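Per-entry structural report
Residues per chain are reported as follows:
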Amino acid sequence: MLNRCGTRATAVVLAAVVAAASQLAAQVDVYPRSIEPLEWERITVRVVNNTSMPTVGVRVLVPEVVGILGVEDKVGWDYHVLRASDTAPQSIEWRGGAIRNGDFAEFTFLGRVSGDVHRKSLVVPVTITRADGSTVSFGGAGSDRAAPTIQIAGSTRVTVWGSLALAGVAVGIAILALALAVSNRGARDNRGDRA
């Protein structure tokens, strides 16, 4: 009985170690953790390789509310930007380099979140390709690994000067409407005097 319990405990510990090792085998993350609408942000995807097989490709599916303004050159890597279409989301793919065991690499692009996006979490699916041609997906269809996320910090903000400008426009429109109303009333009164 003691032997059976010891075997079961060993199996549980071994399963936990294997699960932790598989999570550490290839990790991806995205920075910054939060961004605001209409701000230009350096968005960086970090890829860590803890396997003996080098990572030779990184593909990032960029959420449609993020405009890709440019991609930073990375020595030893070529990149390709795929614009969104009816059949595929926008993405950036890097190839040509290698992330070896124990190393990491960062892949950066300049992005801007559209102004009509409110507080929510953006999912950024990432797929890495190994030197043997195998792939590991973080997020996306059929993946059991969580995709990194970016939190939208708020909605579009109006500055103090912007608020004053909007107030000035509103006052101007109110004055114009009042002037038109007085002018129309005067025209009606003049027509009434002639009758």
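Since the model is a prediction, treat every value here as computed from it, not as a measurement. Per chain, the residues get numbers from 1 upward, laid out in the order the sequence is written. Given that the model is predicted, a residue must reach a pLDDT of at least 70 before its local features are reported, and side-chain atom pairs must reach 80 or more before they are shown or counted; all residues, however, enter totals for whole chains, interfaces and linings. The basis for every side-chain value is the complete set of heavy atoms in the structure, and neither hydrogens nor water enter the calculation.

Notes on the nonpolar core
Each nonpolar core is a collection of buried residues, namely Ala, Val, Leu, Ile, Met, Phe, Trp, Tyr and Cys, held together in the definition by side-chain atoms within 4.5 Å. Only protein chains enter the calculation, and the probe is 1.4 Å; a residue is then buried if its accessible area is under 20% of its type maximum, exposed if over 50%, and partly exposed in between. Core analysis: the biggest nonpolar cluster contains 29 residues, and V47, V58, V60, W94, F107, F109 and I128 have the highest contact counts within it. Only runs of H or I of at least four residues qualify as helices and only runs of E of at least two qualify as strands under DSSP, and these elements are numbered from the N terminus. The biggest single contributor to this core is strand β8 (residues 104-113), with 4 residues. Here a residue-residue contact requires only that any non-hydrogen atoms of the pair lie within 4.5 Å. Contact partners of F109, with chain neighbours within four places excluded, come to E41, R42, I43, V62, V66, I68, G70, V71, E72 and I92.

Some details on the environment of Y79
For Y79, the position within the fold is in strand β6 (residues 78-82). By relative accessible area, Y79 is classed as partly exposed at 35%. When the C-alpha atoms of Y79 and R59 are compared, they prove to be 9.4 Å apart, with 20 residues separating the residues in sequence. With sequence-adjacent residues up to four places away left out, Y79 is seen in contact with V71, D73, I92, E93 and W94.

Thoughts on the packing of aromatic side chains
Stacked, tilted and edge-to-face are the three classes assigned to paired rings of Phe, Tyr and Trp, where Trp is represented by its six-membered ring and a pair needs centres within 6.5 Å; plane angles under 30 degrees give stacked, over 60 edge-to-face, the rest tilted. Per the counting criterion, the structure on display carries 2 aromatic pairs. Ring plane angle 85° and centroid distance 5.0 Å describe the contact between W77 and F107, whose orientation is recorded as edge-to-face. With W77 in the loop between β5 (66-71) and β6 and F107 in strand β8, this pair connects stretches of sequence that are 30 residues apart. For the pair formed by W77 and F107, the shared burial category is buried. Ring plane angle 50° and centroid distance 5.1 Å describe the contact between W94 and F107, whose orientation is recorded as tilted. With a gap of 13 residues between them, W94 in strand β7 (residues 91-99) and F107 in strand β8 connect regions that are remote in the sequence. Looking at W94, the relative accessible area reads 0%, which means it is buried. Aromatic ring contacts, followed pair by pair, group W77, W94 and F107 into a single cluster. Whether a charge sits over a ring depends on NZ of Lys or CZ of Arg being within 6 Å of the ring centre and within 35 degrees of the ring normal. The ring of F107 carries K74 above its face, with NZ or CZ at 5.5 Å from the centroid. Taking the ring centre of F138 as reference, the NZ or CZ of R145 above it sits at 5.9 Å.

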